[in-house]
Amino acid sequence: MQIDAVIAFFLLGALTVWLKAPIKFPKSLYDSITLFLMIAIGLKGGIALQEHASFNLILQSAAVILFGILIPFIAYPILRYFGYLDRINAAAIAAHYGSVSVGTYAVAVALLESADIDYEAYFPLFVVLLEAPAIVVGIWLANRKSGKQSNFKLDKEIVFNQSILLLMGGLMIGYFGGASVEKIMPLFGVLFPGMLALFLLEMGIVAAKRLQQVTSAMYFLIAFGIAMPIFGGLLGLGLGIMMDLSAGGMALMATLGASGSYIAVPAAMRMSLPEADSGLSISTSLGITFPFNVLVAVPFFIALSQWLVIN
Amino acid sequence: MLDRQTCFMVAVAISLCVMAYVSVMIGHSSVAALITAALVIALLVMKNVKKVERPSQKKQLNLPLVSE
């Protein structure tokens, strides 16, 4: 049996917590790696966008935005009806699942590349497009009966948060940089898997700690944190089929549907819905959904996409 | 009679079993093994936490946020 080296680092991080021998991972290193990954993903997408810009891509982008709007509308009633959650918490958690996890996307890309499976390289554009719509929907779901309006500070948080800025910035530099971008690609291309491995080492530590903090309030959310990746992933796979994507593209679209945000959305929710219990949403998306996606859902969707294309 | 939360959890467990079955059918038994392991771990974690009926009774977690 062979295990992907990048995934093995995630397991190593989790193992250190379970063995009660946690590795001290410097916060500044984690911040630097996150910054690196987002720029690298954006740059790669920008270069690909230069080669693939077309009217069809605009239609695909519109479909992706609608997809990002749809998922919170599915998650919200599930959380309200089955989970008995209040309006604010249900809306906040739904927003997390409508948005995407760049870390999960990076893992899916690494797995596709290690298996030599082709994918549409302009996918980072979709990652950027999927970050914000769910935040807006989540806030609307939470405030629709109280009549609150979103304020400028919040709009700024949505538009100018670090992940959107870096991904979009990288995308623009990759698109407009022309041949000069190739000069910096050895740093952002060759080192990408190694940086991702370090990122996953830290994420393994954080996810395992979150899992240990699961309490009675999260009884239902454990099941929800597994159900949403399956449901969102299958919807993403369906969208990938409709968009006539390659096997890798379908798997990536399923990954985007399956993942839940743990960076951009928590920051926006803290600002816009301070009364929501951020521990519930982050523990679910980071402690349950992220490891489930990395270890189970992403390999499953890659296998299923390959099978769908072959048959 | 099963309540809504239990029904949902049963549905999730069935979904995982279906995923494992599909994985075997498409020739990826290693993925099926991972799914089975996830199901077992999820059941073990849930066994260790007490069920809550209504949100009004739930404890506020106030966990520290992950480093941004």
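Refer to the preceding data block for the structure.
These lines cover the structure that appears in this document, whether it is placed above or below. These numbers come from a predicted model, not from an experiment.

## Description of the overall build of chain B
Consideration 1: Of regular secondary structure, chain B possesses 2 helices and 0 strands.
Consideration 2: Looking at chain B as a whole, 37% of its 68 residues are labelled buried.
Consideration 3: For chain B, the accessible area works out to roughly 4,200 Å², and carbon and sulfur atoms hold 66% of it.

## Here's the deal with the packing of helix 15 (residues 278-310) of chain A against helix 1 (residues 4-25) of chain B
Consideration 1: One can describe the packing of helix 15 of chain A onto helix 1 of chain B by two numbers: an axis separation of 10 Å at closest approach and a directional angle of 45 degrees. With respect to each other, helix 15 of chain A and helix 1 of chain B are oriented oblique. Helix 15 of chain A and helix 1 of chain B meet at a crossing whose hand is left-handed. Here helix 15 of chain A contributes A:Phe292, A:Val296, A:Phe300 and A:Leu304 to the contact with helix 1 of chain B, which in turn contributes B:Leu16, B:Met19, B:Val22 and B:Ser23.

## Remarks on the packing of helix 3 (residues 55-81) of chain A against helix 12 (residues 219-242) of chain A
All names here are of chain A.
Consideration 1: Put simply, helix 3 and helix 12 touch, their axes get as near as 11 Å, and they point 150 degrees apart. Classified by the angle their axes make, helix 3 and helix 12 are roughly antiparallel. Here helix 3 runs over helix 12; the crossing is right-handed. Taken together, the residues of helix 12 that come into contact with helix 3 (itself represented by Ala63, Val64, Phe67, Leu70, Ile71, Ile74, Ala75, Ile78 and Leu79) are Phe220, Leu221, Phe224, Met228, Phe231, Gly232, Leu235, Gly236 and Leu239.
Consideration 2: Tallied by class, residues from the contact of helix 3 with helix 12 come to 16 nonpolar, 2 polar and no charged.

## Here's the deal with the pattern of salt bridges
Residues and elements named next belong to chain A.
Consideration 1: Counted under the stated rule, the structure contains 2 salt bridges over all chains.
Consideration 2: Its salt-bridge partner being Asp31, residue Lys27 comes within 2.8 Å of it at the nearest N-O pair. With a gap of 4 residues between them, Lys27 and Asp31 both fall in helix 2 (residues 27-52), about one helical turn apart.
Consideration 3: We classify Asp31 as partly exposed; its relative accessible area is 24%.

Rules used in this analysis
Residues numbered from 1 in each chain as written. Chains lettered and ligands numbered in written order. Predicted model: local features only at pLDDT ≥ 70, side-chain atom pairs only at ≥ 80, totals over all residues. Heavy atoms only, no water. Helix = DSSP H or I, 4+ residues; strand = E, 2+ residues; numbered from the N terminus. Buried < 20%, exposed > 50% of the residue type's maximum accessible area, 1.4 Å probe, protein only. Areas by Shrake-Rupley, 256 points an atom, 1.4 Å probe, with all protein chains shown as cover. Axes fitted to C-alpha atoms, helices over the stretch in contact; angles between N-to-C directions. Parallel < 35°, antiparallel > 145°, perpendicular 65-115°, else oblique. Left-handed = near helix turned anticlockwise from the far one by under 90°. Contact = heavy atoms within 4.5 Å. Nonpolar A, V, L, I, M, F, W, Y, C, P; charged D, E, K, R; others polar. Salt bridge = Lys/Arg side-chain N within 4 Å of Asp/Glu carboxyl O.

These figures capture arrangement, not role.
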